[in-house]
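Here is what each chain is made of, one letter per residue.
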Amino acid sequence: LKDFKIVPIVMGESSFENCKTLGEVLIKTIKHSKKNVLVIASTDFSHYHSYEEANSIDRLTLSYLEKFDAELLFEKVSKGECELCGVGPVIAALIYAKGIGVNGIKVLKYANSGDVTGDRWRVVGYGAAAVTRSA
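This section reports on the structure supplied with the text.

## Notes on the nonpolar core
Ranked by internal contacts, the top residues of the largest apolar core, which has 29 residues, are Leu65, Leu73, Leu84, Ile91 and Leu94. Of all the secondary-structure elements, those providing two or more residues to this core are helix 1 (16-31), helix 2 (51-66), helix 3 (70-78), helix 4 (87-99) and strand 2 (104-112). It is helix 4 that provides the largest number of residues to this core, a total of 8 residues. Ignoring sequence-local partners within four residues, the contact set of Ile91 consists of Phe16, Cys19, Ala70, Leu73 and Phe74.

Here you go:
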């Protein structure tokens, strides 16, 4: 990548309606742009659980993410079944992706801080995923 600009968007209130509004604004704004645009949503997964518990929670979260259903993922996070501290940007990005014709997500990598530090008492989960478009 060269000659690019970063436009950060920070969300405060991450209600589903706010996420939906942001996703729809991204669709409209980027659709009219003559530039290539890459949308990235950033979040941690679970926080401060044991290594085993974090893996379990985060694998469940990843399974819901892979279903590519923004409302379902938002519901599961809201109920505490899944954890994403940045749920708003993720939901907005899912709505945006679906709105431009993307139809899937592929998990690229998952790990937690215990995998790096060796301290498995209270870990933080991290993952990487990419949206995909298949025929």
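## A closer look at the packing of aromatic side chains
In this structure the tally under the stated criterion is 2 aromatic pairs. Ring centres of Phe16 and Phe74 lie 5.6 Å apart, and the angle between their planes is 65°; on these two criteria the pair is classed as edge-to-face. One end of the pair, Phe16, is in helix 1; the other, Phe74, is in helix 3, with 58 residues separating them in the sequence. We note that Phe16, like Phe74, is buried. Aromatic pair Phe45 and Tyr110: ring centres 6.4 Å apart, planes at 75°, arrangement edge-to-face. Taken together, the residues span a long stretch of sequence, with Phe45 in the loop between helix 1 and strand 1 (47-49) and Tyr110 in strand 2 at a distance of 65 residues. Taken as a pair, Phe45 and Tyr110 share a single burial class, namely buried. For the cation-ring pair, Arg120 lies above Tyr51, with the distance from its terminal atom to the ring centre recorded as 3.8 Å.

Procedures and definitions
Residues numbered from 1 in each chain as written. Predicted model: local features only at pLDDT ≥ 70, side-chain atom pairs only at ≥ 80, totals over all residues. Heavy atoms only, no water. Core = buried A, V, L, I, M, F, W, Y, C linked by side-chain atoms within 4.5 Å. Buried < 20%, exposed > 50% of the residue type's maximum accessible area, 1.4 Å probe, protein only. Helix = DSSP H or I, 4+ residues; strand = E, 2+ residues; numbered from the N terminus. Contact = heavy atoms within 4.5 Å. Phe/Tyr/Trp six-rings, centres within 6.5 Å; stacked < 30°, edge-to-face > 60°. Lys NZ or Arg CZ within 6 Å of the ring centre and 35° of its normal.

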